Amino acid sequence: MNAPAIVLIGPMGAGKSSVGKRVAKLLELPYTDTDTVVVTAHGPIERIFTEHGEAHFRALEREAVSTGLARGGIVSLGGGAVLDADTQHDLAAHRVVLLTVEPRIVAARVRGSKRPLLSGDDAIARWTEIYRERLPVYERLADVTYDTSTGPIQSVVDAIADWA
Ligand code: S3P
């Protein structure tokens, strides 16, 4: 098998893409963002949700996760990708970083975003509910956890690069 990938998991707005991209650059490793893989191949996530439903998106996302893990390096997963049983199984062979963020901080980060699960006025209530549901899964899968709520993002990037 290839070397284990470093996989970033966590809720929407935790900074998985921003951090992942920077860690990959710093360590000179390939970078995969599963949302980007899906969007590049199939178009905008909102449209996939509207036209084909969330289950279809999850199937496409699962393929993107497999692609990223096979490629190795740094892989950022969409917030809900860890709900897939095969993904949970596969992550055991990789090094998993959980990024967390406080709700009061996430509000600004996801405002006006194109995330279908956060459309509408009650986005933060919904975010909190989803986060509570998923937290046990995130915590079970994670080898290490960093909070991105305060301080420069670069400090989390450096910490992950040191840990890796
Ligand atoms: C989702 C998170 C999004 C994206 C989709 C669904 C989720 O990715 O995959 O909108 O279920 O948490 P980010 O975590 O990168 O925002």
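Residues numbered from 1 in each chain as written. Predicted model: local features only at pLDDT ≥ 70, side-chain atom pairs only at ≥ 80, totals over all residues.

## A short note on the UniProt feature "binding site: ATP" (unreviewed entry) in the protein
Annotation from UniProt places "binding site: ATP" (unreviewed entry) at Gly13, Ala14, Gly15, Lys16, Ser17, Ser18 and Arg115. Here alanine 14 shows up in the loop between strand 1 (6–9) and helix 1 (16–27). Since 27 C-beta atoms lie within 10 Å of it, alanine 14 is described here as buried. Non-local contacts of alanine 14, meaning those with residues more than four positions away in its chain, are made with Leu99, Thr100, Val101 and Thr148. Here lysine 16 shows up in helix 1. Lysine 16 gets classed as buried once you count the C-beta atoms within 10 Å, which come to 26. Leave out the neighbours within four places in its chain, and lysine 16 touches Leu8, Gly10, Ser76, Leu77 and Leu99. (UniProt positions renumbered as here; feature names shortened; annotations may be inferred. Helix = DSSP H or I, 4+ residues; strand = E, 2+ residues; numbered from the N terminus. Buried ≥ 20, exposed ≤ 12 C-beta atoms within 10 Å, placed from the backbone. Contact = placed C-beta atoms within 7 Å.)

## Side note on the sheet that holds strand 2 (residues 31–33)
Strand order in this open sheet of 5 strands is 2-3-1-4-5, and the pairing throughout is parallel. Whereas interior strands pair on both sides, the edge strands pair on one side only; in this sheet they are strand 2 and strand 5 (144–147). Across the sheet, the mean angle separating the axes of adjacent strands is 20° when strand polarity is ignored. The sheet contact formed by strand 1 and strand 4 (residues 95–100) spans 4 bridges and is parallel. Opposite valine 7, over in strand 4, you have valine 96 as the bridge partner. (Pairing = 2+ DSSP bridges. Axes fitted to C-alpha atoms, helices over the stretch in contact; angles between N-to-C directions.)

## A look at the pairing of strand 1
Consecutive residues of a regular strand have side chains that alternate between opposite faces of the sheet. Here strand 1 shows two buried faces, one formed by Ile6 and Leu8 and the other by Val7 and Ile9. Bridge count between strand 1 and strand 3 (residues 74–76): 3 bridges; the pairing is parallel. When the sheet's bridge partners are listed, leucine 8 is paired in strand 3 with serine 76.

## Observations regarding the site of the ligand
Within the structure, the ligand sits among Met12, Lys16, Ser17, Asp35, Ile45, Gly78, Gly79, Gly80, Arg115, Pro116 and Leu117. Looking at the shell around the ligand residue by residue, the class counts come to 4 nonpolar, 4 polar and 3 charged. (Near = placed C-beta within 6 Å. Nonpolar A, V, L, I, M, F, W, Y, C, P; charged D, E, K, R; others polar.)

## Remarks on the nonpolar core
Core analysis: the largest hydrophobic core is formed by 37 residues, its most contacted members being Val7, Ile9, Leu77 and Val97. Looking at this core, the elements that each hand over two or more residues are strand 1, helix 1, helix 2 (34–42), helix 4 (54–71), strand 3, strand 4, helix 7 (123–141) and helix 8 (153–163). Setting aside chain neighbours within four positions, we find valine 97 in contact with Ile6, Val7, Leu8, Ala142, Val144, Tyr146 and Ile160. (Core = buried A, V, L, I, M, F, W, Y, C linked by C-beta atoms within 7 Å.)

## Let's talk about the environment of leucine 60
Looking at where leucine 60 falls in the secondary structure, it is placed in helix 4. In this structure leucine 60 comes out as partly exposed when scored by C-beta crowding, with 18 C-beta atoms within 10 Å. Leave out the neighbours within four places in its chain, and leucine 60 touches Val38, His42 and Ile48.

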